[in-house]
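Residues per chain, in single letters:
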Amino acid sequence: MADEFSMKQYVELAWNKLAVQSGRGDALTQAQFDIELERNSILADPDVSQSMFKYVQGTTPTHRKQIQNHEFLRISTALDEIPLLSELTTDLMAANEHRKVAITLKQVVVHIAQAESFNVNAYLTVKLTETDLNNVDLLLQYLSSREYDWTTRLRVLEWVTANLETSDALRALTSDDNIGPFLLGWMCQCLDERSNLAM
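Conventions we followed
Residues numbered from 1 in each chain as written. Predicted model: local features only at pLDDT ≥ 70, side-chain atom pairs only at ≥ 80, totals over all residues. Heavy atoms only, no water. Core = buried A, V, L, I, M, F, W, Y, C linked by side-chain atoms within 4.5 Å. Buried < 20%, exposed > 50% of the residue type's maximum accessible area, 1.4 Å probe, protein only. Helix = DSSP H or I, 4+ residues; strand = E, 2+ residues; numbered from the N terminus. Axes fitted to C-alpha atoms, helices over the stretch in contact; angles between N-to-C directions. Parallel < 35°, antiparallel > 145°, perpendicular 65-115°, else oblique. Contact = heavy atoms within 4.5 Å. Salt bridge = Lys/Arg side-chain N within 4 Å of Asp/Glu carboxyl O. Phe/Tyr/Trp six-rings, centres within 6.5 Å; stacked < 30°, edge-to-face > 60°.

Draft legend 1. Just the nonpolar core, in detail. If you look at the biggest cluster of nonpolar residues, it comprises 35 residues, and the most contacted ones within it are F72, L79 and V109. Of all the secondary structure elements, the ones that give two or more residues to this core are α1 (7-20), α2 (30-39), α3 (46-57), α4 (69-80), α6 (97-113) and α7 (120-123). Top contributing element to this core by residue count: α6, with nine residues. Core analysis: the next-biggest nonpolar cluster, separate from the first, contains 16 residues, L138, L140, V156 and W159 among them.

This is the structure we're talking about:
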C-alpha cells in the first residue's frame, strides 16, 4: 500500500489535502484539523485527533494552537521508520503511547493521500488472538476496567462464557487467587451501562 510512494510524498499529499486544497493555507488549528480529517473521510475520536495533532507539533511547537506546514512535513522521517500495520496487536497497544500515536498517524496520512476512508476507532480496537483469550492475566486486566473498547470487552466475555467449563487454560480464572478479581471484573462489565454491554 505505502510502497508506491515515499513517506515524504504521502505526507506532502496529505498536507495538500488537509490544508492547501481546503484553503486553510500553511497552518491548521486543532478544530480545523478535526474538520479536515472528517472531510477526508477519516473518523477519529477527538482525543485521538488531539494526540495526533500534538505528535505533529512535537516538543517545541512553533505555535501552541496550530500545526504548521513545516511541522507536518517534518513527521515524514519519523513515520518512515514505523511499520504500516493493517491491525494492532495487544503488545502494540500496551506499547509506548507515543509510538501508538505514530503508528495510527501513519495510517491516517496514507489513507488521506490515497483518498481512502479510514476508521481510526476501529483500527485502535485490539484484535485479540486465541492465545490472548487464553491468557488469564490479560483477561483479568480487560475485565477489571471499563476503559478498554467495549467490543473487545464483549469478545472477552463471550470467550469466557463459551470456554470456561472446557478450557484448561481458563480454569485458572477460578483459582483461589483469581476468583475474587474474576467475579468483580465480570460484574464490572455486566453493569456497564455506558456501552450497553450489559445487554
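Draft legend 2. Layout of the packing of α3 against α4. Packing of α3 against α4 leaves a shortest axis separation of 8 Å and a crossing angle of 90 degrees. It follows from the interaxial angle that α3 and α4 lie roughly perpendicular. Contacts between α3 and α4 involve Y55, V56 and Q57 on the former and, on the latter, E71, F72, R74, I75, A78 and L79.

Draft legend 3. Region of interest: the pattern of salt bridges. Under the criterion given, the structure shown has five salt bridges. Among the salt bridges present, the one from R24 reaches E36, with a minimum N-O distance of 2.9 Å. In this pair, R24 is assigned in the loop between α1 and β1 (27-29) and E36 in helix α2, connecting sequence segments 12 residues apart. Judged by its relative accessible area of 26%, R24 is partly exposed. Assessed through its relative accessible area of 2%, E36 is described here as buried. We note a salt bridge from R39 to E36, for which the minimum N-O separation is 3.0 Å. In this pair, R39 and E36 are both assigned in helix α2, three residues apart and thus about one turn of the helix distant.

Draft legend 4. The arrangement of the side chain of T104 in detail. Within the element layout of this structure, T104 appears in helix α6. Given the relative accessible area of 2%, T104 is considered buried.

Draft legend 5. Just the side chain of S49, in detail. Within the secondary structure, S49 is located in helix α3. For S49, the contacting residues outside a window of four places in its chain are Q30, F33, D34 and L37.

Draft legend 6. Examining unusual backbone geometry more closely. Although it is not a glycine, S41 sits at a positive phi angle of roughly 60 degrees. Along the chain, S41 turns up in the loop between α2 and β2 (42-43). Under the relative-accessibility criterion, S41 is labelled partly exposed at 36%.

Draft legend 7. Broad picture of the packing of aromatic side chains. If you walk through the whole model with that rule in mind, you get four aromatic pairs. Each ring, one from F33 and one from F53, has its centre 5.9 Å from the other, and the planes form 55 degrees; the classification is tilted. Linking F33 in helix α2 with F53 in helix α3, this pair joins segments that are 20 residues apart in sequence. Taking 5.3 Å as the distance between ring centres and 55 degrees as the angle between the ring planes, the aromatic pair formed by F118 and Y123 counts as tilted.

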